[in-house]
Amino acid sequence: MPNFTRHQIAYNLLSALRGAGLGVRDEFEGRQEPSSWFFRCLAYDQSELDIMESGAIDALHAPSALVELSLDEVAVTAAAIGPEGLLSYLSWEADDEPFGEAGPTPEDKIPGLGFHPDVHLGYLALDVAPPSLWMDERRSDPESNEALARRLAVMAQQVGGVCDVVEVHIEGALDASEDGWADRTAEVRPAGVSVHFTLEIPLAGTGERELSMKFDDGARTAAAAIDGMRLVFQRLSAGER
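Residues numbered from 1 in each chain as written. Predicted model: local features only at pLDDT ≥ 70, side-chain atom pairs only at ≥ 80, totals over all residues. Heavy atoms only, no water.

1. A few points about a nonpolar patch on the surface
- A grouping of Ile81, Leu86 and Tyr89 is seen on the molecular surface, where their side chains present a nonpolar patch of about 310 Å² in accessible area.
- Summarising the element assignment, Tyr89 is placed in the loop between helix H3 (73–87) and strand S4 (91–92).
- The class of Tyr89 is exposed, set by a relative accessible area of 68%. (Patch = residues over 30% accessible without salt bridge, like charges linked within 9 Å, V, L, I, M, F, W, Y side chains within 5 Å. Areas by Shrake-Rupley, 256 points an atom, 1.4 Å probe, with all protein chains shown as cover. Salt bridge = Lys/Arg side-chain N within 4 Å of Asp/Glu carboxyl O. Helix = DSSP H or I, 4+ residues; strand = E, 2+ residues; numbered from the N terminus. Buried < 20%, exposed > 50% of the residue type's maximum accessible area, 1.4 Å probe, protein only.)

2. Describing the nonpolar core
- If you look at the biggest cluster of nonpolar residues, it comprises 51 residues, and the most contacted ones within it are Leu121, Phe197 and Phe215.
- If near-sequence neighbours (up to four positions away) are discounted, Phe197 is found in contact with Leu124, Ala125, Leu126, Val128, Ala156, Val159, Gly160, Cys163, Val165, Val166, Thr221 and Ala225.
- Residues Tyr44, Leu49, Met52 and Ala62 belong to the second largest nonpolar core, which totals 5 residues. (Core = buried A, V, L, I, M, F, W, Y, C linked by side-chain atoms within 4.5 Å. Contact = heavy atoms within 4.5 Å.)

3. Some remarks on the packing of helix H5 (residues 142–159) against helix H6 (residues 208–237)
- Between H5 and H6, the shortest axis-to-axis distance is 10 Å and the interhelical angle comes to 155°. The orientation of H5 with respect to H6, classified from their angle, is roughly antiparallel. Regarding H5 and H6, the two cross each other, and that crossing is right-handed. Side by side, H5 and H6 meet where Ala147, Leu148, Arg151, Leu152, Met155 and Val159 of the first sit next to Thr221, Ala224, Ala225, Gly228, Met229, Val232, Phe233, Arg235 and Leu236 of the second.
- Of the residues assigned to the contact of H5 with H6, the class counts are 11 nonpolar, 2 polar and 2 charged. (Axes fitted to C-alpha atoms, helices over the stretch in contact; angles between N-to-C directions. Parallel < 35°, antiparallel > 145°, perpendicular 65-115°, else oblique. Left-handed = near helix turned anticlockwise from the far one by under 90°. Nonpolar A, V, L, I, M, F, W, Y, C, P; charged D, E, K, R; others polar.)

4. Concerning the pattern of salt bridges
- Considering all chains together, one arrives at 6 salt bridges under this definition.
- With a closest N to O distance of 2.7 Å, Arg40 and Glu68 form a salt bridge. Of this pair, Arg40 sits in strand S2 (residues 36–45) while Glu68 sits in strand S3 (residues 64–72), and the two are 28 residues apart along the sequence.
- Residue classification places Glu68 among the buried residues on the basis of a relative accessible area of 18%.
- When the shortest N-O distance is used, the salt bridge between Arg220 and Asp217 registers 2.8 Å. Taken together, the residues span about one helical turn, with Arg220 and Asp217 both in helix H6 at a distance of 3 residues.

5. Here's the deal with unusual backbone geometry
- At Asp26, a position not held by glycine, the phi torsion is positive, near 55°.
- Position of Asp26 among the secondary structure elements: in strand S1 (residues 22–33).
- Take Asp26: its relative accessible area is 53%, and that puts it in the exposed class.

6. Structural notes on the packing of aromatic side chains
- The tally for this structure, following the rule as stated, stands at 2 aromatic pairs.
- Taking the centre distance of 6.0 Å and the plane angle of 40° together, the rings of Phe28 and Phe38 count as tilted. Residue Phe28 is located in strand S1, and its partner Phe38 is located in strand S2; the two are separated by 10 residues in the primary sequence.
- Among the residues examined, Phe28 registers a relative accessible area of 48% and is labelled partly exposed.
- Residue classification places Phe38 among the buried positions, given a relative accessible area of 6%. (Phe/Tyr/Trp six-rings, centres within 6.5 Å; stacked < 30°, edge-to-face > 60°.)

7. Notes on the packing of helix H1 (residues 6–19) against H6
- In the contact formed by H1 and H6, the axes pass within 8 Å of each other and the chain directions differ by 45°. Between H1 and H6, the crossing angle belongs to the class labelled oblique. Crossing hand, H1 versus H6: right-handed. Here Gln8, Ile9, Asn12, Leu13, Ala16 and Leu17 of H1 lie close against H6, whose contacting residues are Glu208, Leu211, Phe215, Asp216 and Ala219.
- Classifying every residue of the contact of H1 with H6 by side-chain character gives 7 nonpolar, 2 polar and 2 charged.

Structure follows, in structure tokens:
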């Protein structure tokens, strides 16, 4: 089994994003629960990120991907030491004798011992969203909103084939009306638009090669969704349906 550490795993994720032509900023890590650790960053197309950070353009409006990797630290430790390593922490109740400092002998090993297939090493979540200016510049009417939702759904399915979960998130915003919230003529405009992808990382059968392949899949999905998001808004601006 590989000697997994959470920082090594995060580094592999960043390498995969770079390999897909994405640059990152606003890296952040922390704990969600006593045994859950996360790493989060914001990914842009590298060429657009270079322009933003060079100061050549005061405000470049570009789609981005919020990338979050959540790890079960118990599973990370288990992956590092393997099932046989776990045996050194168990006692053999048949004779009430621990395996001892030397660990279990081949005769002591439990046949078929392995990681449960439902246990996950972690999850890689991607939320690809347009800049707020793109939403502000769009007109809001039922036909236009449906066109946006339809195009985002098609794009998400096209680029998210390797993902376990693919979702389109669109929150509806109702602007204040002189007649109050009961005004049925008030229009609901889309807000908080994003396309969400999740890749599950199982504990069983995941080594360094498999983990790198998962991260490569996630990075390519993020890069394709960023390009797809840009194309969706370009076509809607050009009046296509």
